Amino acid sequence: MKRSLLTALAALSLAWGQGGELRFCLRAEPKTFHPHKVVDEASDTVRYLTGGVLLRVNRKTQKLEPELATGWRIAADGRSITFDLRKDLFFSDGTPFDSADVVHTMAVLLEPETASPLAEPFRFGSGRLNTRAGGRHSVTITLPHPIGGFERLFDQIAILSSRSAIKEKAVLGPFLISERKPGAYLQLMRNPHYWKKDSHGRRLPYLDSIRLDIQSNRDAELLRYQRGQVHLLTSVDADHFDRLAASPHSGLADLGPSLDSEFLWFNQAPQAPIPAHKRAWFTSRNFRRAVSEIIRRDDLARVVFRGHAQPAAGPCSPANKLWFNSKLKPHAFDKKSALHRLAADGFRLQNGMLLDRHGNQVEFSLVTNAGNRTRERMAAMLQQDLAEIGIKLNIVTLDFPSLIERISRTLHYEASLLGFVNVDVDPTPQMNVWLSSASQHAWNPSQKTPATAWEAELDRLMRQQAAEWDFKKRKALYDKVQEIVWEQAPILYLVHKNVLIGVNPAVRNVVPSVLRPQTFWNPEFLALDGARISQRR
Amino acid sequence: MTKARRIAAIALLLLTGASLFAGWIARHPYQKQYREAIASPPAAGFPLGTDELGRDRFSRLLHGMRISLLLAPAAALLSTTLAALLGLTAGFLGGWWDRAVTGATDLFLSLPWFFLIITVRALLPLNVAPETSVLITFGLLGLLGWASPARVIRSAVRSLERSDFLLRARAAGSSNPRLLFIHLLPNLAPVLMAQFWIAVPLFLLSEADLGLLGLGVVEPLPSLGNLLRELANFSAVAGNPWMLAPAAAVMTFVGGLHFLLAPRSGAGT
């Protein structure tokens, strides 16, 4: 499959030749160029374009493919993985690549001083990870216990040179940083030692360089795209998309639902400074389900996202081909069922207001981040939907640091509307959300023991799937997790935004994907149609 | 009254009248979402079309003007009153009080007050009704906006202190409160009025600035500030000129005030 794709791309490449400069925008200055310290999207883009990895997730098939490793084997007990490395490869500065570099990379990654977010999954549980070279071209990594899907983590671990004098600046990826003007742009040039060749034996990448302009203003970015000054748009707002897509040769495309989701949750933490009667509402499954059933998710997708979103059933988007539980459907709008559930918990409607069994009017605040028009619109729609069953919703928009302070430290909030950006299809990185002891267990974080039986079951299932390496068994366990979340509704998933991208027609070989980076995940194969570019200049 | 002033007065009257009687003039509730008619152009039922949630833009503009045009002057009155009290007493009494007020004024002027408002807004209780939220926003603007007018008023008091009429009043044995409120205050009226009318558009635009950050008046209440936010998306405005109506309302109001209150040429102050 992959071979045929590459052959086709290579054959097409003969039509436009090599060279040229691809341009697109970063929304902010990269915070770091150390590939193991990446925490922001801009740095991640640079890492992706410059870093060489042992295995690469094919963004189209969502499956792992060999990259610097020619193959890999997972031991029967799931505790170790052995990589066979490619021979005669060189870093961008000419230093050779072998198993010592992989050992060095894992050591740097796990150093506490590196503080790498990539190291977190390897630190799960007790014991130490061991990396051992089995000759110059073989490496075995042994884990203290099996971690489900841990081989996919190697898609993000850029290999560092153990010998290079320029340390992490020596790269194995298709491009390397050649020039940087802070706040303005970043210039990448082709790596002269890049190892990959196309099926005609031509050395990749096709492009000479990539210019990453730092542009935080989306309107300006769109304008530049329309003028042909930038070639790729990695995410487009639904409003802009419809306007631009109307023009011919816009190059815009809706790839369908992304892995990201928009959701709301209620604060159930016992230590939270909220009235006891409100906590009683929020901890009631009937209340949460009633709220979920009164939300018109179809309207949210159609009005707020102009149809470029899908109603969500749970944490896993249908875009996640491997893990999505297709048996689950979004909670449908059902006012009768919602009122029935509320009545079962002693709520009653009186003069258009919902009262609880003690006569308290049902009113709560929903915090979200200020300046995010999409979420503010969603909140306004939720306000009208909830008013149908007499719930008064107060919308509070806060600057982001204040919001994070409230939802993660002081817990001084009642409900929150936020989104989750998912970069990986595997559920293991979500352990920090689903484990009751986790700090990001949004509705009731850092529990000493699970507060409810279903949270204890979530803990058990997530731990079991993380310790399992057989995909079918893991899938069955994670399906159950999704079913519990659907049933208990601790988080009300609302929509999955669609992936909206823009690709200038002059750019060839783009294979759009819903996984990040959606438009340039195969950077070595991207090429430019010179004739078209010259017309635009 | 000059022609320009007459036009300005009529425009302000029309704006104020329309906003006061918004409930009668607008056919649709400002918060009602007509989800089948989102972002539609002007039509019979919707003179300014509908917004992204299908709400009547005309109704939202009228109600938004009512909120902003009532509360901006209220906040201006609050800040001018505070400024008058502090500036008047500091300029008149002098000594340690003058130094304290001047120091506090300098401190307030040096504060990044816009961020201060954001911080204070974040510290307020969450579960407040939209109506309370709007009062809080303008109240904060009023409470934090006294420093600049206080400095002007203090200077005016200092210059009046050596005037003949005050000297005569002192010689006649007038008490300090009498000197302050009977002799000084009436002579400061033009300065106070000017400070008040300067503050009104300033607060109007400050609320708009907060609205641009999503920190002003909360949904579903409209205000000129949150209506102006739509203009941040200039590509959307290009083909839909009716979206400029809130900007036109702000410009008319602020411009009208300037025309109406600017000193007449040749007239002394």
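Values in this document were obtained by computation on a predicted structure and should not be read as measured data.

1. A few points about a nonpolar patch on the surface
Here is step 1 of the chain: On the surface, Leu20, Phe21, Trp24, Ile25 and Leu70 of chain B cluster together into a nonpolar patch covering about 570 Å² of accessible area.
Here is step 2 of the chain: Exposure remark for Leu70 of chain B: the relative accessible area of 48% places this residue in the partly exposed category.

2. Considering the environment of Phe122 of chain A
Residues and elements named next belong to chain A.
Here is step 1 of the chain: For Phe122, the position within the fold is in the loop between helix 3 (99–110) and strand 6 (130–133).
Here is step 2 of the chain: For Phe122, a relative accessible area of 4% corresponds to the buried category.
Here is step 3 of the chain: Spatially, the C-alpha atom of Phe122 lies 28 Å from that of Ser513, the residues being 391 residues apart in sequence.
Here is step 4 of the chain: With residues near it in sequence (within four places) discarded, Phe122 still touches Met106, Leu109, Leu110, Leu129, Leu143, Ile147, Phe150, Leu153, Phe154 and Ile157.

3. Some words on the pattern of salt bridges
All names here are of chain A.
Here is step 1 of the chain: Applying the stated criterion to the full structure yields 48 salt bridges over all chains.
Here is step 2 of the chain: Arg306 is the salt-bridge partner of Asp239, the closest N and O atoms lying 3.6 Å from each other. Placement of the pair is Asp239 in helix 5 (residues 238–245) and Arg306 in the loop between helix 8 (297–304) and strand 14 (309–311), with a sequence separation of 67 residues.
Here is step 3 of the chain: A relative accessible area of 14% means that Asp239 is categorised as buried.

4. Notes on the domain arrangement of chain A
Here is step 1 of the chain: With domains assigned, chain A is organised as domain 1 (1–30 + 44–51 + 173–231 + 504–537), domain 2 (52–171) and domain 3 (261–497).
Here is step 2 of the chain: For domain 1 of chain A versus domain 3 of chain A, the separation of C-alpha centres amounts to 39 Å.

5. Things to note about the interface of chain B and chain A
Here is step 1 of the chain: Each partner contributes to the interface: chain B provides 32 residues, whereas chain A provides 38 residues.
Here is step 2 of the chain: Taken together, the two surfaces of chain B and chain A that pack against each other cover about 2,800 Å², and 47% of this comes from carbon and sulfur.
Here is step 3 of the chain: Considering only the surface of chain B that becomes buried against chain A, Arg35, Leu126 and Asn127 of chain B emerge as the three largest contributors, covering 28% of it.
Here is step 4 of the chain: In this assembly, chain B and chain A are joined by five salt bridges.
Here is step 5 of the chain: A salt bridge links Arg35 of chain B to Asp299 of chain A; the nearest nitrogen and oxygen atoms lie 3.0 Å apart.
Here is step 6 of the chain: Inspection of the chain B/chain A interface yields nine residue pairs in polar contact (both at pLDDT 80 or more).
Here is step 7 of the chain: Breaking the side of chain B that touches chain A down by element, the ones donating at least two residues are helix 5 (113–123) and helix 11 (234–238) of chain B.
Here is step 8 of the chain: Per-class residue counts for the side of chain B that touches chain A are 18 nonpolar, six polar and eight charged.

6. Let's talk about the sheet that holds strand 5 (residues 80–85) of chain A
Residue and element names in this part refer to chain A.
Here is step 1 of the chain: Strand order in the open sheet formed by four strands is 4-5-7-6, with antiparallel pairing between adjacent strands. Strands with a single pairing partner mark the edges of an open sheet, and in this sheet they are strand 4 (69–74) and strand 6. On average, each strand axis in the sheet is tilted by 20° relative to the strand beside it, whichever way the strands run.
Here is step 2 of the chain: Sheet analysis places strand 6 next to strand 7 (residues 138–142), joined by four bridges and oriented antiparallel.

7. Side note on the pairing of strand 8 (residues 175–181) of chain A
Residue and element names in this part refer to chain A.
Here is step 1 of the chain: Note that strand 8 and strand 9 (residues 185–190) share six bridges and pair antiparallel. Paired with Arg180 across the bridge in strand 9 is Leu186.
Here is step 2 of the chain: In sequence, strand 8 turns back onto strand 9 through a hairpin of three residues, with Gly183 there showing a positive phi of about 80°.

8. A word on the pairing of strand 13 (residues 261–266) of chain A
Residues and elements named next belong to chain A.
Here is step 1 of the chain: Taken across its six residues, strand 13 has six buried, putting it largely inside the fold.
Here is step 2 of the chain: Burial along strand 13 is two-sided: the face carrying Ser261, Phe263 and Trp265 and the face carrying Glu262, Leu264 and Phe266 are both buried.
Here is step 3 of the chain: When strand 13 meets strand 19 (residues 415–420), the two strands line up antiparallel, connected through six bridges. Looking at strand 19, one finds that Phe266 is bridged to Ala415.
Here is step 4 of the chain: Bridge count between strand 13 and strand 20 (residues 491–503): four bridges; the pairing is antiparallel. Each bridged residue has a counterpart across the sheet, and for Leu264 the counterpart in strand 20 is Leu492.

9. Some words on the packing of aromatic side chains
Here is step 1 of the chain: Applying the stated rule across the entire model yields 28 aromatic pairs over all chains.
Here is step 2 of the chain: Where Tyr48 of chain A meets Phe520 of chain A, the ring centres are 6.4 Å apart and the plane angle is 80°; that geometry is what we call edge-to-face. Placement of the pair is Tyr48 of chain A in helix 2 (residues 41–50) and Phe520 of chain A in the loop between strand 21 (507–508) and strand 22 (527–528), with a sequence separation of 472 residues.
Here is step 3 of the chain: On the accessibility criterion, Tyr48 of chain A (9% relative accessible area) is buried.
Here is step 4 of the chain: Arranged with centres 5.7 Å apart and planes meeting at 50°, the rings of Phe21 of chain B and Trp24 of chain B form a pair that is tilted.
Here is step 5 of the chain: By relative accessible area, Phe21 of chain B is classed as partly exposed at 46%.
Here is step 6 of the chain: By relative accessible area, which is 71% here, Trp24 of chain B ends up exposed.
Here is step 7 of the chain: Members of the aromatic cluster, joined through ring pairs, are Phe266, Trp281, Phe282, Phe287, Phe347 and Phe364 of chain A.

Each value, and the rule that gives it
Residues numbered from 1 in each chain as written. Chains lettered and ligands numbered in written order. Predicted model: local features only at pLDDT ≥ 70, side-chain atom pairs only at ≥ 80, totals over all residues. Heavy atoms only, no water. Patch = residues over 30% accessible without salt bridge, like charges linked within 9 Å, V, L, I, M, F, W, Y side chains within 5 Å. Areas by Shrake-Rupley, 256 points an atom, 1.4 Å probe, with all protein chains shown as cover. Salt bridge = Lys/Arg side-chain N within 4 Å of Asp/Glu carboxyl O. Buried < 20%, exposed > 50% of the residue type's maximum accessible area, 1.4 Å probe, protein only. Helix = DSSP H or I, 4+ residues; strand = E, 2+ residues; numbered from the N terminus. Contact = heavy atoms within 4.5 Å. Domains from an automatic or database assignment. Buried area = accessible area lost by both parts, 1.4 Å probe. Polar contact = N/O pair within 3.5 Å; in protein donor to acceptor, adjacent residues only side chain to side chain. Nonpolar A, V, L, I, M, F, W, Y, C, P; charged D, E, K, R; others polar. Pairing = 2+ DSSP bridges. Axes fitted to C-alpha atoms, helices over the stretch in contact; angles between N-to-C directions. Phe/Tyr/Trp six-rings, centres within 6.5 Å; stacked < 30°, edge-to-face > 60°.

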